[in-house]
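Summary of the model geometry
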Amino acid sequence: MAPVSPPTATPPRPKRPSAGPSTPQPPSRLNNNNSGVALRLVSLLCVSILAARPPRPIHGPGNNGNGNNGPWSIKEARRAQREIQHLEKELRGLAAEYGALNVELTKLSAEADGGAYGGAAEAVAKKRVAFHPREEKEALKREMKEAMRGRSKQKLAETFERTMQRRGHGAIVRQAAKRKHDNPAEPEQEREKMPPLEVPPLAPPHSPGRHPKDREIKKWWLRRQIFAAQLQSPKGSKKVAEGDKLGNGRDGDTGAIVPIDLSVNHLQLIERAGGSPNQFTADAPAVAEEFLPVVTSSDVTFRWRSRARPHADPRDAAQTSAYRIVAWRAHARFGTGAMLWDSGKIDTPDGLPDAVSPTKDSQLLHAAKPGAIIIWRVTVWDAGNKPSTSEWSKFALGPQNDAWAARWISHPIDLEAWDVTDAGAFWGNNQEGHQDVACKNWERRSQLPMFRAKLPSLEVEGDEVQSALLVVSGLGSFRASLDGTPLSSSGPLDPPLTDFAQRVMYRGFDVTPFLIGEASAQSHVVGIATGSGWWDHRPIGGSFIRLFYFPHGAVTTIAQLHVTYQSGDSRVLLATGDEEAGWQVAKGPLRESSLFSGEYVDLQSMASFEGWDTAGKWTALADEGAATTPHSWVPPQIYESDTTLDEWRTTLHMKANAKRPNARRKILPRHKLAPIGKLIPHEIPPVMPVERLEPDEVYGLGDGRWMYDFGKGVSGVVRFEEGLPAPIVPENYPRGHTVSTLRPDESFITVLYGESLELTRGDINLPVVAGMGLHDGGPKHKSKPAGSAEAKGGPCYPKDHVEAGSLLQRDVYILPPSAGGEDDDASKGSFAKARQSHFTTHAFRFVEVCCTAQPPSGVTALAYRTAFNEWGRFGSSNVRLNGGYELVANALNSNLLGVQSDCPHREKIQYGGDIVADSPAALHLYDMSAFYRKVVRDWADQQWDNGAYAGTSHWLALNDYASAGGEGSGETVWASAPVVMTARHMQHFGDAGLLEETFANHERWLDFLVEHFDKGLKKKGYDEELKGYTKEGSGLGDWLTFRGRDTWLTHQSFYMATARCLAYLASKLGKEDTVATALQLASSVKDRITRLYLQKNGMFVPPERGGWELSPGPEMSLYSRTVPGKQRCMALRRYFRRKGHTWPGSDEMTFVREMSDATRDEMIASGEITKRGGQWAMGWSQWHGFNEGIFAVRYALKTLSDNGFHHVALAKANGFGCGTFEYMLSHNATTHWESWWRSEDLYSHNHPMLGATAEWMASAVAGVGLHPRTTGGREALFWPRFPRSARTIEHAWADQGTRRGDFAIAWRFEGLPEDEALYDSAVVDIHIRLYVPPDGRGVFRLPEYSNGEGLDATIKYATRLPDLETAKSSSRDECESRRKEKRGFGYNWEFEREQKTWVRVDRKKAIGTACQSFLFHSSLSDVEWSPSETVPANSNNGVEVELGAGLYDVIVEKWQLQPEIKGAKEWRIASIKDFYEDEDIGPYCSDEDTFDWDIDDASYLI
């Protein structure tokens, strides 16, 4: 080949004549003069295609390519070496050809400048692309035409360079170009002496039948505008409302936007809980509401959401243009002083505000005093300036901590029954007998007190009562009543758990209806019943839950009544601690109440106390010195701590190694009563019965034992509306029903709770629900020595639970022998009066009642949960996916009782890792605005003085060994929860106040990591270069994966995430210096990860081969944008090399042994059972099931769905066998398990930590979630992804609530053939409906095929918004009817006890029932639609369109269905080789920018 001459300068382009177009030269001129150009170009392209062929694989030591161990073949190695040398020579020639092509391009450009830009260029392009696949052919043709039209040599050169880069030869092009620039006249002979070019690893060829698609490096998503003109607000609409007055009514409401869900400080008024058992009689005043938000005057923030009015014009519903808030005194006569604030009409050009605070000069902040009860509402004006007014809502102003007149009071016995050694008795062993002393003291005070007081006269001459607010709190927990009427159905966990030594919440109750009108002349009694809660529970040593690190003290209460008069004057009455208030206290009918082991209810005592909180049963106190019993009413005493908060915290600091211990004293607290923190209004809605369930099934177990199956797992209690029948005494009490601590003549009935059955026995599985993990494994497993539960529990382990071998979830109803007959005095009690326990909750689906001749009737289950709104839903045609979603939802419902717990029976506390892992699902399902604000504050209270966060929101010495930084800090992922949750809170709720409040705390945590993290990892044995790192190391990491855990990667990634979060938060607060510092730190940690984990073969794994199979794999770093752009494609490709394996779990191995040969053969044929050594075992799958732990399960699904492999993600979620939703459902689960495998004696069966799958279903399977860069839930991302085959899913839908309103999506395949055999090959249409609420925005990403090829879409919008609320209600009713028909998951594994064999039995269930979205409800069939607008596909980019408020209808035609994927040999646990050999695997391969993390992105922080 001739030497390449340097390119000549391009001559100036001649000017065209001023009139008339230039005439192109005939094509023949260019063809004649440049006849060799096309041929040389074709030759060059042939060489490039040859160069793209990969060398034959060289197999490393230990693998000869056939899956067998063996050394390299010398012959193979030499042949490979020759191929590499030959390939290098070809590539050097290719670089030389590049220089030659530049000369030809110069000539072509000159020709083009002369006007010959028509047929010649097209001819060259046609010849050039003749050797490219179809997709490249059209794209290159367009590029060449465009370049020639521009008559630009530079553009032609760039077009060629991009082509070379896309073929994998960008480095060669750059090197050649650099040499040409540096040595323009370099002779050929000298060039040949230069070192050989650096040849980058070549990409493997694309798989047969799949077409690689080249994409240039650019932003992947192209945004298109549609309906821009049509959806503008109609002209003149403002004039219609120019004369609109502010108005005070709703009669004239015409606005398109209706304000809903009014809240103050994220709290909404709750009139009645969904499952409330409270019944109000006609002759008693009605309780106005069951939860009244209370705030202080210094902290009042109003919020609301938006809903579209039926039949509104979507142009008017686009956004709120103005608002007006009015606040009045409740119960006041309208007139002077009643109005507290009128904001006036406030323009809001950005739509619905994140929050509104009263002006500083408002009467609301200055004239209203503590005790004021306030009603308020908001009027909003839509985009057309038409108003709508909300319903009235209500809140109250409560006292600041230092404004309380009341003091904490307790029963004298409870204050006396303490020793200074009790607080630290369980901090060590029992060598000195301190635990025995603490136990005996607790037994003295275990019976729970009740407090009451009689109201004095409220009359004031010349004035009348306007309102009355009763404020109450109690430790451990309380229920308030007035005149015998419960003021709320809350109680088990009221107040919710906080660090009670630092802050305690109080409730406010509007009791005005009891005290005005005719009732004002009557006598009134306030009652407060109490439970031990988290404050004074039975002192059990515990196994891995160490509750003795909580502050403890005597059960106590505090209360006062604020009375406001019509004149505006106010009084504080009934202040506890004030002798003139006349409070009384007595030990009530609860002999014991425990959150972990239940209640002992004395029915005779309960009968004697009937009416105790009414004036009719009020009695004066006995004279001093008179004989009393514990049930006698006596004066309470003031609760006074004998230590300080500083002393208590100092002791904890030293115990946690957050502060050096004082050598002169033991690290033990020495006090009787812990300090009590400041009083604050309730930060979250209370724990209330949100649902009431009827039993699905009731059947007998023999010996008077009855089993109730309530159909799904919940947290709560059972309620006996008709009481209990008389007990019988069986010959032998069944396991779990023995009560050995009662007097022999006392009769009893036990109520035993459990979340699952011991399937080989048919009764409740006790070990998996054992409180604090105290059990011996049960009769089936015996995994622990007999007696281990009580040994670990210590001297106060309940003696009644010893026989069962487990700490039981159980309530006991007791009746002494003098009562029970029909002729007996009713005051002596009866089992018929039994109703429910009040100060405990249990985790259960199944309940055993023992022992009665007949089953109790009128039995319901009360399901308790923090009473926030549920606003997210998902459904599809796939029963397994629906069932998996319900498993997560039911588990979360069971674990959100004041704290977000890991399990609702065994531990009940907040773990940071669990919250990080499953908060995306919780944020999808519920309005967590108030709840997650409390969570962050819980950790702020816990934070040590050195800046460290613990792994739990209360330090309990749990998993401190796993900390990277030591010094009292928790494991890095777990301890990063507060900063991660603050960022997520901002994204979802836009609460800048929480950022300002907690930013300094998060800064201190990052400072702590900077100082201690690297040193700590080194102490833990992590080598700086990770030499020898092949096992889990020290940390929790991706907890409960089937694989080993890569703890170094999770430590580092969440160190990076903490820095990113702080940068994100600082950017929202305008702290630019912190932004820069935090980003620099995050970048350095990211670089550290990538330096060690990016391997030469493209894998993203630890450097040592032994660590390549740890979890997370590359999915976490791909999701979090840690892998650099240029390596993402290869890292994702190598991810598909991962395989599954067999599982040696004891329950699975026993299961395989205990099945028939025929069943085993079927499961072998299906791939569910595989050989493990010499025996059959169940296998877990990488691509047809879940193997990941609590973090990687989210990263795996999201990464696959985001990058063109949604069908692989679906294959994981739709899999069967061990490690799948199907596996849990087939073993009768209704709540998510703690592990992917069965565990009948260790891991919980109600545990949402693996539940991030639920959010993925909504955001990817259906296709709606928050946009990564939104704040305050303003913008949703509609990104539906579709299966290859309609066999997997035919339709899906999801609703997603946000601070703005409720977004929704639904899609379905239309035109499916009747023959389901064609579901893998038919061409169908996709019908999509999207709904964007007022004040919301949407971004809709158009569907693409799995190979990235787009399709045109036609979109239209509803010209009038239909009545969506009615459609939603009807749709839910229809779905509930289907659920009652049990049209969900259809079978169970059950144990045939006689044959001792597992069999699969068809059994109808509600869980998993498929329902349709309200967006396709028949009531919307008459919607009027706009003309359609077509959005054309773009073969080089993804296309997204912006959507304003409205209802949209989308049709995508000619969607080609395909078979789903499978692995190779032993397909269920194999890798999926097709994908790691495939050249085009989605946008990661062509886009280096879209997938970088930026500071406004809260979704991909980590």
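Below is a short write-up of the structure. (Residues numbered from 1 in each chain as written. Predicted model: local features only at pLDDT ≥ 70, side-chain atom pairs only at ≥ 80, totals over all residues. Heavy atoms only, no water.)

Here's the deal with the overall build of the protein chain
Spelled out, the test is: For helices the rule is a DSSP run of H or I covering at least 4 residues; for strands it is a run of E covering at least 2, with both sets numbered from the N terminus onward. In this scheme, a residue with accessible area under 20% of its type's maximum is buried, one over 50% is exposed, and one in between is partly exposed, where area comes from a 1.4 Å probe on protein chains only. Whether two residues are in contact is decided by their heavy atoms, any of which lying within 4.5 Å being enough. In short, Shrake-Rupley with a 1.4 Å probe defines the accessible areas, and a residue's cover is counted only from the protein chains shown.
Looking only at helices and strands, the protein chain has 35 helices and 49 strands in total. Relative to its full complement of 1502 residues, the protein chain shows a buried share of 61%. For the protein chain, contacts bridging at least 24 residues in sequence account for 79% of all contacts bridging at least 6. Within the structure as shown, the protein chain displays about 57,300 Å² of accessible surface, and the carbon and sulfur contribution to it stands at 48%.

Notes on the packing of aromatic side chains
Rules: Any Phe, Tyr or Trp ring, taking Trp's six-membered ring, that has another such ring centre within 6.5 Å forms a pair; planes under 30 degrees apart are called stacked, those over 60 apart edge-to-face, and the others tilted. Counting as a charge over the ring demands two things of the Lys NZ or Arg CZ atom: a distance within 6 Å of the ring centre and an angle within 35 degrees of the ring normal.
All chains considered together, the criterion is met by 61 aromatic pairs. Taking the centre distance of 6.4 Å and the plane angle of 15° together, the rings of Tyr 708 and Phe 710 count as stacked. By the burial criterion, Tyr 708 is buried, and Phe 710 matches it. The interplanar angle of 55° and the centroid separation of 6.2 Å between the aromatic rings of Phe 1278 and Phe 1303 together place this pair among those described as tilted. With a gap of 25 residues between them, Phe 1278 in strand β39 (residues 1275-1278) and Phe 1303 in strand β41 (residues 1302-1310) connect regions that are remote in the sequence. Cluster of aromatic residues (ring-pair linked, three or more members): Phe 426, Trp 427, Phe 548, Tyr 549, Trp 648, Trp 944 and Trp 955. Over the ring of Trp 1279 we find Arg 1281, and its NZ or CZ is 3.8 Å from the ring centre.

Focus: the sheet that holds strand β1 (residues 221-224)
The line we're drawing: We treat two strands as partners when DSSP finds at least two bridges between them. Lines are fitted to the C-alpha atoms to define the axes, a helix being fitted only along its stretch in contact, and any angle between axes, read from their N-to-C directions, falls within 0 to 180 degrees.
If you trace the five strands from one edge of the open sheet to the other, you get β1-β48-β43-β39-β38, paired in mixed fashion. The open sheet is flanked by β1 and β38 (1264-1266), the only strands paired with a single partner. Averaged over all neighbouring strand pairs, the angle between strand axes comes to 30°, with direction disregarded. When β38 meets β39, the two strands line up antiparallel, connected through three bridges. Looking at β39, one finds that Leu 1266 is bridged to Ala 1276.

Quick look at the pairing of strand β43 (residues 1337-1341)
Burial runs high along β43: four of the five residues are buried. With four bridges joining them, β39 and β43 adopt parallel strand pairing. Within β43, the position partnered with Glu 1275 by the bridge is Arg 1337.

Regarding helix α24 (residues 1047-1069)
An α-helix turns once per 3.6 residues; consequently, residues spaced three or four apart project the same way. Threshold: One fewer than the residue count of a helix, multiplied by 1.5 Å, yields its expected span.
Across its 23 residues, α24 extends 33 Å between first and last C-alpha, which sits within 8% of the 33 Å expected from 1.5 Å per residue. Among the 23 residues that make up α24, 20 are buried, leaving the element largely enclosed by the rest of the structure. Looking at the residues trailing α24, positive phi occurs at Gly 1070, about 75°.

As for the state of the cysteines
The condition is simple: In what follows, a disulfide is any cysteine sulfur pair within 2.5 Å.
Applying the stated rule across the entire model yields three disulfides. Here Cys 850 is linked by a disulfide to Cys 851, with a sulfur-sulfur distance of 1.8 Å. The exposure classification of Cys 850 matches that of Cys 851, with both residues buried. Paired by a disulfide, Cys 1375 and Cys 1411 hold their sulfur atoms 2.0 Å apart. Between Cys 1375 and Cys 1411, the S-S torsion sits near 75°, and that sign places the bridge as right-handed. Here Cys 1375, found in helix α34 (residues 1364-1380), pairs with Cys 1411, found in the loop between β46 (1397-1402) and β47 (1429-1431); they are 36 residues apart in sequence, far enough to count as distant.

Regarding the sheet that holds strand β49 (residues 1446-1456)
An order of β34-β40-β41-β42-β49-β44-β47 is seen for the seven strands of this open sheet, with the pairing classed as antiparallel. On the outer flanks of this sheet lie β34 (872-876) and β47, each paired with one strand and no other. With direction set aside, neighbouring strand axes in the sheet form an average angle of 15°. Pairing geometry for strand β42 (residues 1323-1332) and β49, over nine bridges, is antiparallel. Each bridged residue has a counterpart across the sheet, and for Val 1323 the counterpart in β49 is Gln 1456. Set on the sheet, helix α33 (residues 1253-1262) makes contact with β34, β40 (1291-1297) and β41; between it and β40 the angle comes to about 120°.

As for the packing of helix α20 (residues 929-942) against helix α23 (residues 992-1019)
Basically, it comes down to this: Relative orientations are named as follows: roughly parallel for angles under 35 degrees, roughly antiparallel for angles over 145 degrees, roughly perpendicular for angles from 65 to 115 degrees, and oblique for any other angle. Each crossing is labelled by how the near helix is turned from the far one, with a counterclockwise turn of less than a right angle marking it left-handed and a clockwise turn marking it right-handed.
At a closest axis distance of 10 Å, the pairing of α20 and α23 adopts a crossing angle of 30°. Here α20 is positioned roughly parallel relative to α23, judged by the angle of their axes. Once α20 is placed against α23, the crossing between them reads as left-handed. Side by side, α20 and α23 meet where Arg 933, Val 936, Arg 937 and Ala 940 of the first sit next to Leu 994, Glu 997, Thr 998, Asn 1001 and His 1002 of the second.

Some remarks on unusual backbone geometry
The omega torsion across Leu 475 and Gly 476 is -5°, close enough to zero to call that bond cis. Topologically, Gly 476 is positioned in the loop between β13 (465-475) and β14 (477-482). Backbone geometry at Asn 1228 places phi at a positive 75°, although glycine is not the residue there.

Quick look at the pattern of salt bridges
Spelled out, the test is: Any carboxyl oxygen of Asp or Glu within 4 Å of a side-chain nitrogen of Lys or Arg constitutes a salt bridge here.
Tallied over the entire structure, the rule returns 64 salt bridges. Measuring nitrogen to oxygen at the nearest pair gives 2.8 Å for the salt bridge that ties Glu 683 to Arg 937. One end of the pair, Glu 683, is in the loop between β24 (678-681) and β25 (687-693); the other, Arg 937, is in helix α20, and 254 residues separate them in sequence. Salt-bridge contacts for Arg 1329 lead to Asp 1449; the nearest nitrogen and oxygen are separated by 2.7 Å.

A closer look at the packing of α23 against helix α25 (residues 1072-1093)
The line we're drawing: Any residue that is not Ala, Val, Leu, Ile, Met, Phe, Trp, Tyr, Cys, Pro, Asp, Glu, Lys or Arg is counted as polar, Gly included; the first ten are nonpolar and the last four charged.
The geometry of α23 relative to α25 is characterised by a closest axis approach of 13 Å and an angle of 40° between their N-to-C directions. The interaxial crossing formed by α23 with α25 has left-handed handedness. Mapping the contact onto sequence places Phe 999, Glu 1003, Leu 1006, Val 1010, Phe 1013 and Asp 1014 in α23 and Thr 1074, Leu 1081 and Arg 1088 in α25. Partitioned by chemical class, the residues of the contact of α23 with α25 number five nonpolar, one polar and three charged.

Observations regarding α34
Defined as follows: Each C-beta atom gives one direction from the helix axis, and the arc is the one those directions make.
Between its terminal C-alpha atoms α34 stretches 24 Å, which fits the 24 Å expected from 17 residues at 1.5 Å a residue. Among the residues of α34, Leu 1364, Ala 1367, Lys 1368, Ser 1371 and Cys 1375 are the ones counted as buried. Burial along α34 is one-sided: seen end-on, the buried residues are contained in an arc of 100°. Elements that come into contact with the buried residues of α34 comprise β34, β41 and β42.

Observations regarding the environment of Pro 399
By the element assignment, Pro 399 lies in the loop between β10 (393-397) and β11 (409-410). In sequence terms Pro 399 and Ala 372 are 27 residues apart; their C-alpha atoms lie 10.0 Å from each other.

What to know about the pairing of strand β26 (residues 697-702)
Here β26 runs beside strand β27 (residues 705-720); their pairing, made up of five bridges, is antiparallel. By the bridge assignment for β27, Gly 700 is matched with Trp 706. The antiparallel hairpin formed by β26 and β27 contains two residues in its connecting segment, where Asp 703 sits at a positive phi of about 60°.

Topic: the nonpolar core
Definition in use: Definition of nonpolar core: a set of buried residues of the types Ala, Val, Leu, Ile, Met, Phe, Trp, Tyr and Cys, connected through side-chain atoms within 4.5 Å.
With 293 residues, the main nonpolar core has Trp 534, Met 928 and Phe 1340 as its most contacted residues. For this core, the element with the highest residue contribution is α24, accounting for 13 residues. Discounting residues that sit within four places of it in the chain, Trp 534 has contacts with Leu 493, Leu 497, Phe 500, Leu 547, Phe 550, Pro 551, His 552, Leu 595, Phe 596, Glu 907, Lys 908 and Ile 909.

Regarding the side chain of Thr 1288
Stated formally: Each polar contact in these results corresponds to two N or O atoms within 3.5 Å; when the atoms are within protein, one needs to be able to donate a hydrogen and the other to accept it, and residues that are neighboring in sequence are counted only if both atoms are side-chain atoms.
Relative to the assigned elements, Thr 1288 resides in the loop between β39 and β40. Judged by relative accessible area, Thr 1288 falls into the buried class, the value being 9%. A distance of 2.8 Å separates polar atoms of two side chains, one belonging to Thr 1288 and the other to Glu 1460. Apart from residues lying up to four places away in sequence, Thr 1288 is in contact with Asn 878, Leu 1210, Asn 1214, Pro 1283 and Glu 1460.

Description of the environment of Ile 226
Inspection of the secondary structure puts Ile 226 in the loop between β1 and α9 (237-240). Classification of Ile 226 as buried rests on a relative accessible area of 8%. Sequence-wise, Ile 226 and Glu 1429 are 1203 residues apart; in three dimensions their C-alpha atoms are separated by 7.4 Å. Not counting the four nearest positions on each side in its chain, Ile 226 is found in contact with Ile 1355, Glu 1429, Val 1431, Val 1441, Glu 1442 and Leu 1443.

Thoughts on the side chain of Ser 605
Positionally, Ser 605 belongs in helix α14 (residues 603-608). Not counting chain neighbours up to four residues away, the residues in contact with Ser 605 comprise Gly 588, Pro 589 and His 631.

Regarding the environment of Leu 958
Looking at where Leu 958 falls in the secondary structure, it is placed in the loop between α20 and α21 (972-975). Remark: the alpha-carbon pair of Leu 958 and Arg 546, spanning 412 residues in sequence, is separated by 8.1 Å. Apart from the residues within four sequence positions on either side, Leu 958 is in contact with Phe 544, Ile 545, Arg 546, Ile 909, Tyr 911 and Thr 952.

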